[in-house]
Structures are given as C-alpha cells and as structure tokens.
Amino acid sequence: GVQLDCSRGGVPHVAALQDWAVQLALYGFNALLLYMEDVYEVSGETFFGYMRGRYSSTELAQVGRVAAAVGVEVIPAIQTLGHLEQVLHWPANAKYRDTPGVFLAGEEEGHDLLERMMTAVTKPLRARRIHLGLDEAFGLGQGKYREKRCGT
C-alpha cells in the first residue's frame, strides 16, 4: 500500500483521494493509508481541523466506497500521543495536553477522546485496521501528568 499525508498543506479533495484509490488499484496495490493528524471530524470536538480543513464522516465514507469498489482497503493512520500540536494548542483542549503537542495519558476524559477519534475514522471507512501513531511524544509525562502525580 501507499500512505498519503493529508495533514500537510491543503487537505486533499475527496475526488483526489478517490482518484488515488483507482490509480493504486490499476498498479496492483490493495491498500491506501490516509495519514490524518487532526483533519477529520470528531464528535463533540470543535478544534479538529479547525482553520485547516477536515474530512466529514460522509466524505470519508465516499472515499471508502470508491476504494472498496476497486479492491483497495483504506486504512486510517492517526496520531494518538504526539504530533497533536494543531489540536492541543487551543485553550478548550488544554484538558488533553501534557506538554505542547503531546497528549495527556492516564485521564478518563482523554481515553474517551481517543475512542471517539478511532471511531471517527474507522466507522465511515468501514476500516478493519487502523494505524495508531505514537511517535515523537517529546516530554511525555513531564508536563501536566507529572504535576498531577508528583506535585512538581
């Protein structure tokens, strides 16, 4: 398969992603990974893709339908620990922030968000698989997590 970065620059149009799926099928590929840091709608979360562009569940479903018709599995690739600067810098999302760009682990509210994030991308794509990015979580546990648990 091939992974497309949908988080850098402009968010690719749905038609472009559908064209990619068809082209990949013609070349004999059977998987398309969509790398999406925050460019998809999450129920109850205003700032995912805010001022950047994002895919609605309807749009993701449209991509998934075309891809499935040509035998290409669309696999969402999302960030769940680091690379979340675009979402976490908003004051409304401070409750999810450990350090700038790093998700606050160990909190029930955060676990709920992670579940909603995974559902937001897997359900419309009818994805059987998902890639969860956990890289570049610089300072993990050194911010709010440490303050809450160690008092420093």
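K.L.:
Can you help me understand the packing of aromatic side chains in this one?
P.N.:
Between two aromatic rings, the relevant description is the distance of the centres plus the angle of the planes. This model, assessed by the stated rule, comprises 5 aromatic pairs. For the pair phenylalanine 47 and tryptophan 90, a centre-to-centre distance of 4.8 Å together with 20° between the ring planes defines the contact as stacked. Of this pair, phenylalanine 47 sits in the loop between β2 (31-36) and α2 (57-69) while tryptophan 90 sits in the loop between α3 (85-88) and β4 (97-99), placing them 43 residues apart in sequence. In this structure phenylalanine 47 comes out as buried when scored by relative accessible area, which is 18%. Their ring planes at 10° and their centres at 6.3 Å tell us that tyrosine 96 and phenylalanine 103 sit as a pair that is stacked. The pair tyrosine 96 / phenylalanine 103 is uniform in exposure class, with both members buried. An aromatic cluster is built from Phe47, Tyr50 and Trp90, whose rings are joined through pairwise contacts.

K.L.:
How should I be thinking about the side chain of threonine 99 in this particular structure?
P.N.:
Locating threonine 99 in the fold gives a position in strand β4. In this structure the side chain of threonine 99 is engaged in a polar contact, spanning 3.4 Å, whose partner is the backbone oxygen of phenylalanine 138. Apart from the residues within four sequence positions on either side, threonine 99 is in contact with Phe138, Gly139, Gln142 and Gly143.

K.L.:
Teacher, can you tell me more about the sheet that holds strand β3 (residues 73-79) here?
P.N.:
Pairing between the strands of a sheet comes from backbone hydrogen bonds, and it takes one of two forms, parallel or antiparallel. Within the open sheet, the 4 strands sit side by side as β1-β2-β3-β6. Their pairing is parallel. Each of the sheet's edge strands pairs with one partner strand only, and the pair in question is β1 (2-5) and β6 (131-133). Here the average twist between neighbouring strands, direction ignored, is 20°. Pairing analysis gives 3 bridges linking β3 to β6, with the strands arranged parallel. Bridge pairing in β6 places alanine 77 opposite histidine 131. Strands in contact with helix α1 (residues 14-26) are β1 and β2; relative to β2, the strand with the most contacts, it is inclined by about 150°. Its contacts with the sheet put helix α4 (residues 108-125) on β2, β3 and β6, and the angle it makes with β3 is roughly 170°.

What counts, and at which threshold
- Residues numbered from 1 in each chain as written.
- Predicted model: local features only at pLDDT ≥ 70, side-chain atom pairs only at ≥ 80, totals over all residues.
- Heavy atoms only, no water.
- Phe/Tyr/Trp six-rings, centres within 6.5 Å; stacked < 30°, edge-to-face > 60°.
- Helix = DSSP H or I, 4+ residues; strand = E, 2+ residues; numbered from the N terminus.
- Buried < 20%, exposed > 50% of the residue type's maximum accessible area, 1.4 Å probe, protein only.
- Polar contact = N/O pair within 3.5 Å; in protein donor to acceptor, adjacent residues only side chain to side chain.
- Contact = heavy atoms within 4.5 Å.
- Pairing = 2+ DSSP bridges.
- Axes fitted to C-alpha atoms, helices over the stretch in contact; angles between N-to-C directions.

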